[in-house]
Amino acid sequence: MNPVRDRLRNQPLPGEAQAAARSWPVVEAALAEREPGHRRHGAAAHPRPLALRLALVAALIAAGLVVALSPAGAWIGDRFKDEPKKTTPAFAALPKGGSVLAISRTGAYALHTDGSSQRLGGFSEAGWSPHGEHVVGVHGRRLTAVDPLGTVKWTLVRRRVHDPAWSTGLGYAVAYLQGRALRVVDGQGDPATDRRIRRGAAPVTPAWRPRSDSVLTYATTGGALETVDVTTGRSLWRARAAESARALAWSRNGRRLVALSSHLVAVFDRTGQRLVTVELPGVARQLALHPSGKRAAVVVGDRALNVPLDGGQPTLLFQGNVDGLAWSADGRRLLLGWRDTDQWLLFGPGGRKRALHGVSRELGSAGGFPRVVGWCCLG
Amino acid sequence: MTGDPPAALMPAASRSALLARGDRGSRHQERRLVREVQRGSAAALEELFRREWPRAYRAAYLVVHDAAAAEDIAQEAFLAAVRAIDRFDRRRPFGPWMHRIVVNRAIDVTRARSLRREVDAAAAESAEAPPDPPGAPLSDDVVSALSDLSAEHRAVVVLRYLFDYTPGEIAHALDMPRGTVNSRLRRALDRLRETIER
């Protein structure tokens, strides 16, 4: 045999069997989730998930794997023990109205308040359209728009595509970055409308001014912020930031733009005048601007802080390994992910807290922890 | 998963046979399995998974050289297959369809990682992007040597030597000229042979 062929085929690979054990339940669940019309009848049509999974584990153990002693094996054991129990889905604890967008290792999901979840695609980045009727996501070289059932509406194939953002007016435009170029395509994904707006954009998701399909703010590779009219290409204002921005957000009334950088939160008015700079006690990672524009939740190191945007001191909101956070559309609740405990925490009015347990399992544990990236359109 | 153990646990000779392209009998069986999956059979899906997972995971791993990414890619390929199974033309072989998804996705993932480094580096006004991290390198010399090639070169090698596709079939799968496939194969093999003969 050709020595290259021989070695490529026979070299044992790390994690192969464990990966199979983790992936099979996800794949099997996908078959079960197909639309009812696709399911057929007869004996073969009845899945035997518990028996199949047990058989999978039996085969692995019989073959001499020490899977049961590994973290993956421990997970498999837990899963089967828990299988017969029917519990209330974690996401059913979400307040009524609206849907949460989350991203896990297996892609993006829309999570609904009846406890159900819908996989939207294998996106590594995603965001809602203004009224939650669509999601735009990035999967490899594909910029794709889907409806809330995951049906693909359009796809643009572009190299080095990232950081998409749907416009906030009537949803007539989608901004995205291609390498270091800021580009915009219409909301129908028509390639004929796809155009470059600026070169030299930093890898930060651009922010549309509220209720606008034309005014967009982005961060430049030189560390500035620029707001442009994408229809005319005209620059509306340009401001120098003290540090390179990591995240941008407009307040709902369009009067304030908030830029998060590694150690600062900077607030600008609608003409680019800096109003306030708040220093953060550590390296900032994520930002969720309250719809009022008066405060923001910011993840700094292993803490979530409440940052008043009038120049007041940040206060501790939560201590823990937070990954992903979003305000509800009415600003009454904050949802944040607590990765270490596989929970989402819901902070409500009056300081009430509620935990959604075991959120990874809701999406199939192979997907890993679902990071909250958006919460759309309450009521 | 009853019956035979997963291919990863098989002796090398059996694994080689499984990884090679299917014969007429296995094609017939594959068509039957696809038909049953289209009817909703979890048992048939399980059998298809058992047959195809080792190939999908191995192909992805050999391109991305990262176990977690390989798992994601192989899993996504199966999810895509399940979601599109009703539209799948049973006259066509299932395996090549899956291999094409896996290898193209693996190239995308590798490129996306390079891009992310490139963009981050640009933002930091760094002069050069760092070289590809080795991921979790294997001790095997050939597999390690493969990681020194570009994702596109690795993909060509994987399709040729893991799955036995002809250069023409590879050109079709990767949407590139046949001459490019041949030159990439030649260059990649030269590098790999150097390693083997060392």
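All values derive from a computational prediction rather than experimental measurement.

S.K.: With reference to specific residues and values, describe the overall build of chain B.
M.R.: Within chain B one finds 9 helices and 0 strands. Each of the 198 residues in chain B was classed as buried or not, and the buried ones make up 43%.

S.K.: Go over the overall build of chain A, please, and point to the residues and values.
M.R.: The number of helices and strands found in chain A is 5 helices and 28 strands. Taken over 379 residues, chain A has a buried fraction of 47%. Long-range pairs, those at least 24 residues apart, make up 45% of the contacts in chain A between residues at least 6 apart in sequence.

S.K.: Give me the sheet that holds strand β11 (residues 195–198) of chain A: which residues, what numbers.
M.R.: Where strands meet in a sheet, backbone hydrogen bonds hold them as pairs that are either parallel or antiparallel. All names here are of chain A. Spatially, β8-β9-β10-β11 is the arrangement adopted by the 4 strands of the open sheet, whose pairing is antiparallel. A strand with exactly one partner marks an edge of an open sheet, and here the two such strands are β8 (161–166) and β11. Strand-to-strand twist in this sheet, taken as the mean axis angle between neighbours without regard to direction, amounts to 30 degrees. Where strand β9 (residues 173–178) meets strand β10 (residues 181–186), 6 bridges bridge the pair, whose relative direction is antiparallel.

S.K.: Describe in detail the pairing of strand β21 (residues 295–300) of chain A, supporting the description with residues and values.
M.R.: Remark: a regular strand shows side chains that alternate across the two faces of the sheet. All names here are of chain A. The buried fraction of β21 is high, at 6 of 6 residues. Across the two faces of β21 the burial is the same, with Arg295, Ala297 and Val299 and Ala296, Val298 and Val300 all buried. Of the pairings in the sheet, the one linking strand β20 (residues 284–289) to β21 comprises 5 bridges and is antiparallel in character. Within β21, the position partnered with alanine 288 by the bridge is alanine 297. The hairpin turn running from β20 into β21, its antiparallel successor, is 5 residues long, and glycine 293 in that turn takes a positive phi close to 80 degrees. Two elements, β21 and strand β22 (residues 303–308), share 6 bridges in a ladder whose sense is antiparallel. By the bridge assignment, alanine 296 is partnered in β22 with valine 307. Between β21 and β22, which pair antiparallel in sequence order, lie 2 residues; one of them, glycine 301, sits at a positive phi of approximately 60 degrees.

S.K.: Please set out the confidence of the model for chain A residue by residue, giving values where relevant.
M.R.: Residues and elements named next belong to chain A. Considering every residue of chain A, the mean pLDDT works out to 82; 83% of them sit at 70 or more. Note that pLDDT drops below 50 for residues 35–52; the model gives that stretch 26 contacts with residues more than four away or on any other chain. Scored below 50 in pLDDT, residues 54–86 shows 37 contacts in the model against residues more than four places distant or in partner chains.

S.K.: Account for the packing of helix α3 (residues 42–64) of chain B against helix α4 (residues 67–84) of chain B, with residues named and values stated.
M.R.: All names here are of chain B. The contact between α3 and α4 brings their axes to 8 Å, and the two run at 135 degrees. Considered as vectors, α3 and α4 are oriented oblique to each other. For the pair α3 and α4, the sense of crossing is right-handed. Contacts between α3 and α4 pair Phe49, Trp53, Ala56, Tyr57, Ala60, Tyr61 and Val64 from the former with Ala67, Ala69, Ala70, Glu71, Ile73, Ala74, Ala77 and Phe78 from the latter. Within the contact of α3 with α4, the residues separate by chemical class into 14 nonpolar, no polar and 1 charged.

S.K.: Could you give an account of the nonpolar core, naming the residues involved and the relevant values?
M.R.: Ranked by internal contacts, the top residues of the largest apolar core, which has 89 residues, are Leu101, Val258, Ala296, Val298 and Leu325 of chain A. In this structure leucine 325 of chain A touches Gln286, Ala288, Ala297, Val299, Ala304, Leu334, Leu335, Leu336, Gly337 and Val372 of chain A, once residues within four positions along its chain are discounted. Counting 65 residues, the second largest nonpolar core, distinct from the first, contains Ala74, Val109, Val157 and Leu192 of chain B.

S.K.: I'd love a proper account of the pairing of strand β16 (residues 245–250) of chain A, names of residues and values included.
M.R.: Residues and elements named next belong to chain A. Most of β16 is tucked away: 5 of the 6 residues are buried. Pairing geometry for β16 and strand β17 (residues 256–261), over 5 bridges, is antiparallel. Bridge assignment links alanine 245 to a residue of β17, and that residue is serine 261. Hairpin connection of β16 to β17: 5 residues between the antiparallel strands, including glycine 254 at a positive phi of 75 degrees.

S.K.: Would you mind going over the sheet that holds β20 of chain A in detail, with residue names and values included?
M.R.: Residues and elements named next belong to chain A. The 4 strands lie next to each other as β20-β21-β22-β23, forming an open sheet whose pairing is antiparallel. Of all strands in the sheet, those bounded by a partner on one side alone are β20 and β23 (315–319). Sheet twist, expressed as the mean angle between neighbouring strand axes with direction ignored, is 25 degrees. Note: β22 against β23, 4 bridges, orientation antiparallel. Directly across from asparagine 306, in β23, lies its bridge partner threonine 315.

S.K.: An account of the environment of leucine 275 of chain A is requested, with residue identities and associated values reported.
M.R.: Residue and element names in this part refer to chain A. Tracing the sequence through the fold places leucine 275 in strand β19 (residues 274–279). A count of 15 C-beta atoms within 10 Å places leucine 275 in the partly exposed class. Separated by 34 residues in sequence, leucine 275 and leucine 309 have C-alpha atoms that sit 9.1 Å apart.

S.K.: Can you explain unusual backbone geometry? Please cite residues and give values.
M.R.: One non-glycine residue, arginine 211 of chain A, lies in positive phi territory at about 55 degrees. Although it is not a glycine, aspartate 164 of chain B sits at a positive phi angle of roughly 65 degrees. Among the structural elements, aspartate 164 of chain B can be located in the loop between α7 (151–162) and α8 (167–174).

S.K.: Now, about α3 of chain B: what can you tell me, with residues and values included?
M.R.: All names here are of chain B. The sharpest bend along α3 comes to roughly 45 degrees, located at glutamate 52, with the proline proline 54 sitting one to four residues further on. A large share of α3 lies buried, amounting to 21 of its 23 residues. Histidine 65, located one to two residues past α3, shows a positive phi value of around 55 degrees.

Quick notes on the rules
Residues numbered from 1 in each chain as written. Chains lettered and ligands numbered in written order. Predicted model: local features only at pLDDT ≥ 70, side-chain atom pairs only at ≥ 80, totals over all residues. Helix = DSSP H or I, 4+ residues; strand = E, 2+ residues; numbered from the N terminus. Buried ≥ 20, exposed ≤ 12 C-beta atoms within 10 Å, placed from the backbone. Contact = placed C-beta atoms within 7 Å. Pairing = 2+ DSSP bridges. Axes fitted to C-alpha atoms, helices over the stretch in contact; angles between N-to-C directions. pLDDT = per-residue confidence, 0-100. Parallel < 35°, antiparallel > 145°, perpendicular 65-115°, else oblique. Left-handed = near helix turned anticlockwise from the far one by under 90°. Nonpolar A, V, L, I, M, F, W, Y, C, P; charged D, E, K, R; others polar. Core = buried A, V, L, I, M, F, W, Y, C linked by C-beta atoms within 7 Å. Bend = angle between axes of the 7 residues up to and from the residue.

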